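A closer look at the structure
Below, each chain spelled out in residue letters.
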Amino acid sequence: MCGIAGIFNFPAAENSPTGQQLTAMLTAIRYRGPDESGIYLGKKIGLGNVRLSIIGLSSGQQPISIRDKKYWIVYNGELFNYIEIKRDLEKLGIRFTTQTDTEVVLQAYAQWGPACLQQFVGQFAIAIWDKEKEELFLARDRVGIRPLFYTRSGNQFIFCSEIKGLFQIPTVRRAVNHKGLSQIFTFWTTITPETPFEDVFEVSPGHYMIVNEHSVRSQQYWNLSFPEPKDYSKKKIEEATEGLRDLFRDAVKIRLRADVEVAAYLSGGIDSSVTTAFIHEVEPGVLNTFSIGFKDKAFDETSFQLEAAKYFNTNHTAFSCTSEEIGKYFYDTIRHTEFPILRTAPTPMYMLSKKVREQNIKVVITGEGADEMLAGYNIFKEAKIRRFWARNPQSDIRPLLLKKLYPYLPMMKDAKTSVLKMFFGYKLGETDSPFYSHLLRWHNTSRIQNYFADPVLAGLDGYDPLDGISKSLAGNFSKWGDLAKSQYLESTIFMSGYLLSSQGDRMAMANSVEGRYPFLDHRVIEYAAQLPESFKLNSLNEKFILKK
Amino acid sequence: MKGKIPESILKRHKQAYRAPVHTSFIGPGAPAYVKELLNESTINSFGYFNPAKVDKLVEKIGQNGQVTEMENMALAGIISTQLLHHFFIQDNVFVSPADKPANMIIIEE
């Protein structure tokens, strides 16, 4: 796991990228790769990398070149199936000089071009320079686990793993994007490729970009997709469960590939427990696990975490934090999220990765992704209940079902029907809306835009963040089932834009720790997508198949 | 996954991962930077939020009343936006001459 940076010169650029510029960019993100670093400088290109060495410890310093220095790569991430792809390439006569997955990525690109991405099982942000074509290739993994941002400034195309790297180039303008703020104060994140900053964009998840002197082009190579309900898998639940187990086992197995120790997070929930169970099955040795709890008991899950640790007999380290500590570390949190956030939950993750790193652990496996792919979140149940209620809006009984969803919210504990109707009744009848599942959440969140200053509100001039989403929906979205639609919205917006970035990559990499997520193996995602909705949300029983 | 994980975890009510918000920012143990970022002149100078509304929010939370989810979100959103400006627009200090990436190699054409 690493950080990358680079500068591409368009023809009108006056000066070639310099070592000083790349060094400044890399220094700003040096915690992403504290082990070694490197820069490649050509006339029209500069590439840089800071490396957290995990695979091929002694032979992986980047940039790496192949084919008589025709191709150069800087790379952040892991190609978990690099052994299998390397074998395929060797059959084609290709010889390797390092033990790294980085070289496999580069050789695969040289052999197959952008089509290589279809074969990759991994989490990555890639930059490859083709010296002969004078062309830059950028790519990001399917769901956006690893970050990659870019901007254009002064006839240069500048990219980096984090935005602060871009801002080390003095010509890059630094201004907050008010429309981006409006999006964050609605969806909790911006809509890709927007960011909170003007003229700064991200390479969208599941996309690659080609940059040359003629154009800057973005192309999607993968999208979260669901079949129409009539085409869902016809497997019985038992058979489907076996299929999921087999895929998940392999997803865990290839995520244990590393030349350093791999540990795991235990949250006290089903997902991380399942992940830990499979780690034990694949590698029965002693596993180091970590958890974070809260002194404030309303938020604490320590008892479940300790129960899981005892059950799996792991070498467990439990931490707990106070509100005061969260307040203190929130400051550092935002330096790393580079996004405004509407909750403090990333901060304990930052504190946890700090503790993990203090024990010299660089890699942790976690349960992220199960709630999105197997319908674990309350928002899926909420939408289902609202649809049920909308069929009989006068009912005083149906809204009571909503009460069970949020027992941790004080206002819900003793809520009467009239209160529930008022709180959950927003656009109840608009069941044909493509955003029905999320309308209420987005509406409630967007109310905090009332705190914007008058000039900011005036500048937004009626801007509706939902317009941007309508344009970004998958082509056949309208034909999907209700649950599939809400899973898509939750995954492509909240998960990619917030959970995997502000709460995921940025909080772990701030302390040089890499997270790995077997539930986000695209084979698992695609398998889960074709399952009937009742295998995921069965009545109001979430992640049904995971409990079989 | 029956039989693979503890039964109590399999059957437990799902709890969303959350962390305390207002108690982290407002009250006796509140960090000094929060007061600085939320004072009227800083709010005005950064320009994103209405200082009177922010003041009202902070005052309400400080009175130990019941704090709603919306108020918690607003508080975190305002403080984090102020911090964003502080780090990236106002200061942009992430590199000092003493800092360098580790063990660097430079390859020049």
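The shown structure was predicted, so the numbers you read here are calculated from the model rather than taken from an experiment. All residue numbers refer to positions counted from 1 along the written sequence of the respective chain. Both sets of labels track the order of writing: A upward for chains, 1 upward for ligands. Given that the model is predicted, a residue must reach a pLDDT of at least 70 before its local features are reported, and side-chain atom pairs must reach 80 or more before they are shown or counted; all residues, however, enter totals for whole chains, interfaces and linings.

Attention now goes to the overall build of chain B. Within chain B, the regular secondary structure consists of six helices and one strand. Counted from the first residue to the last, chain B has its helices and strands arranged as α-α-α-α-α-α-β. For 109 residues, the compact-globule estimate of 2.2 N^0.38 gives 13 Å, and the C-alpha radius of gyration of chain B, at 21 Å, exceeds that figure by more than 25%. Think of it this way: build a C-beta for each residue from its backbone, and any pair within 7 Å is a contact. Relative to all contacts within chain B whose residues are 6 or more apart in sequence, the contacts with residues 24 or more apart total 57%. To qualify as a helix, a DSSP run of H or I must reach at least 4 residues; to qualify as a strand, a run of E must reach at least 2; elements of each kind are numbered from the N terminus. Our radius of gyration looks at C-alpha atoms and nothing else; its globule reference is 2.2 Å times the residue count to the power 0.38.

When you go through chain A residue by residue, the secondary structure sums to 21 helices and 17 strands. A compact globule built from 548 residues should have a C-alpha radius of gyration of about 24 Å, and chain A, at 23 Å, falls within 12% of that. Of all intrachain contacts in chain A linking residues separated by at least 6 positions in sequence, the fraction that spans at least 24 positions is 68%.

The interface is formed by 60 residues belonging to chain B together with 78 residues belonging to chain A. Looking at the side of chain B that touches chain A, the elements with two or more residues in it are helix H1 (7–11), helix H2 (22–25), helix H3 (32–38), helix H5 (51–62), helix H6 (69–91) and strand S1 (104–108) of chain B. No other element matches the 15 residues that H6 of chain B contributes to the side of chain B that touches chain A. Residues are grouped as follows: Ala, Val, Leu, Ile, Met, Phe, Trp, Tyr, Cys and Pro are nonpolar; Asp, Glu, Lys and Arg are charged; all remaining types, including Gly, are polar. Residues of the side of chain B that touches chain A, tallied by class, amount to 35 nonpolar, 14 polar and eleven charged. The criterion for strand pairing is that DSSP finds at least two bridges linking the strands in question. Pairing geometry for strand S2 (residues 36–41) of chain A and S1 of chain B, over five bridges, is parallel. Counted as the bridge partner of Ile39 of chain A is Ile106 of chain B from S1 of chain B.

The angle between axes fitted to the seven-residue stretch ending at a residue and the seven-residue stretch beginning at it gives the bend at that residue. The largest bend along helix H18 (residues 482–499) of chain A reaches roughly 30° and is located at Ser491 of chain A. Counting buried positions over the 18 residues of H18 of chain A gives 16, a clear majority of the element. Here a residue counts as buried when 20 or more other C-beta atoms sit within 10 Å of its C-beta, as exposed when there are 12 or fewer, and as partly exposed otherwise, the C-beta atoms being derived from the backbone.

The strands making up a sheet are joined through hydrogen bonds of the backbone, oriented either antiparallel or parallel. Residues and elements named next belong to chain A. If you walk across this open sheet you meet the six strands as S4-S5-S6-S7-S11-S12, and the pairing is antiparallel. The outermost strands of the open sheet, each flanked by one partner alone, are strand S4 (64–66) and strand S12 (216–220). Looking at each pair of strands side by side, their axes are set apart by 20° on average, direction ignored. In the packing of helix H3 (residues 101–112) onto the sheet, contacts are made with S4, strand S5 (71–79), strand S6 (122–130) and strand S7 (135–140), and the angle to S5 comes to roughly 125°. Helix axes use the C-alpha atoms of the stretch in contact, all axes being lines fitted to C-alpha atoms, and the angles between their N-to-C directions lie in the range 0 to 180 degrees.

Residue and element names in this part refer to chain A. For strand S9 (residues 156–160), a buried count of five out of five residues is recorded, marking the element as mostly surrounded by other parts of the structure. Where strand S1 (residues 2–9) meets S9, five bridges bridge the pair, whose relative direction is antiparallel. By the bridge assignment, Ala5 is partnered in S9 with Cys160. Pairing of strand S8 (residues 149–153) with S9, which is carried by five bridges, proceeds in the antiparallel orientation. Bridge assignment links Phe149 to a residue of S9, and that residue is Cys160. If you look at the hairpin formed by S8 and S9, you'll find two residues sitting between the two strands, and Gly154 has a positive phi there, around 50°.

For the rest of this paragraph, the subject is the environment of Ile9 of chain B. The topology assignment puts Ile9 of chain B in helix H1. By C-beta crowding, Ile9 of chain B is classed as buried, having 21 other C-beta atoms within 10 Å. The residues contacting Ile9 of chain B, other than those within four sequence positions of it, are Gly269, Ile270, Ser273, Phe304, Glu307 and Ala308 of chain A.

What follows deals with the sheet that holds strand S15 (residues 315–321) of chain A. All names here are of chain A. Pairing in this open sheet of five strands is parallel, and the strands run S15-S14-S13-S16-S17 from one edge to the other. Bordering the open sheet on either side are S15 and strand S17 (514–516), each of which pairs with just one other strand. Neighbour to neighbour, the strand axes of the sheet diverge by 30° on average, direction disregarded. The sheet contact formed by strand S13 (residues 262–265) and strand S16 (residues 363–365) spans three bridges and is parallel. Paired with Val262 across the bridge in S16 is Val363. Across the sheet, helix H7 (residues 270–282) is in contact with S13, strand S14 (288–294) and S16; its angle to S13 comes to roughly 155°.

Turning next to unusual backbone geometry. Residue and element names in this part refer to chain A. For the bond from Gln62 to Pro63, the omega torsion is 0°, close enough to zero to count as cis. For Pro63, the position within the fold is in the loop between strand S3 (45–51) and S4. For the bond from Thr192 to Pro193, the omega torsion is 10°, close enough to zero to count as cis. Among the structural elements, Pro193 can be located in the loop between helix H5 (178–187) and strand S10 (201–202). Of note in this structure, Asp68 is not a glycine but carries a positive phi near 55°. Its place among the elements puts Asp68 in the loop between S4 and S5. One non-glycine residue, Asp461, lies in positive phi territory at about 45°. For Asp461, the location among the structural elements is in the loop between helix H16 (454–460) and helix H17 (466–472). Asp461 gets classed as exposed once you count the C-beta atoms within 10 Å, which come to 6.

In this section: the environment of Leu306 of chain A. Checked against the element boundaries, Leu306 of chain A lands in helix H8 (residues 302–312). Residues Leu306 of chain A and Phe185 of chain A lie 121 residues apart in sequence; the distance between their C-alpha atoms is 36 Å.

What follows concerns helix H12 (residues 378–390) of chain A. Residue and element names in this part refer to chain A. The span expected for a helix works out to 1.5 Å for each residue beyond the first. Compared with an ideal rise of 1.5 Å per residue, which puts 13 residues at 18 Å, H12 spans 18 Å between its outermost C-alpha atoms and is within 8% of the ideal. Considered for burial, the residues of H12 that qualify are Ile379, Phe380, Lys381, Glu382, Ala383, Lys384, Ile385, Arg386 and Trp389. Looking at the buried side of H12, the elements it contacts are helix H14 (417–424), helix H15 (436–446) and H18.

Pairing geometry for S8 of chain A and S10 of chain A, over two bridges, is antiparallel. Looking at S10 of chain A, one finds that Phe149 of chain A is bridged to Glu202 of chain A.

Bringing the domain arrangement of chain A into the picture now. Residues and elements named next belong to chain A. An automatic or database domain assignment supplies the residue ranges for each domain. Considered domain by domain, chain A is made up of domain 1 (2–220), domain 2 (229–373 + 492–547) and domain 3 (378–482). Taken over C-alpha atoms, the centre of domain 1 sits 26 Å from the centre of domain 2. Residue-level contacts link 30 residues of domain 1 with 29 residues of domain 2. In terms of residue count, H5 provides more of the side of domain 1 that touches domain 2 than any other element does, three residues in total. Partitioning the side of domain 1 that touches domain 2 into residue classes produces 19 nonpolar, six polar and five charged.

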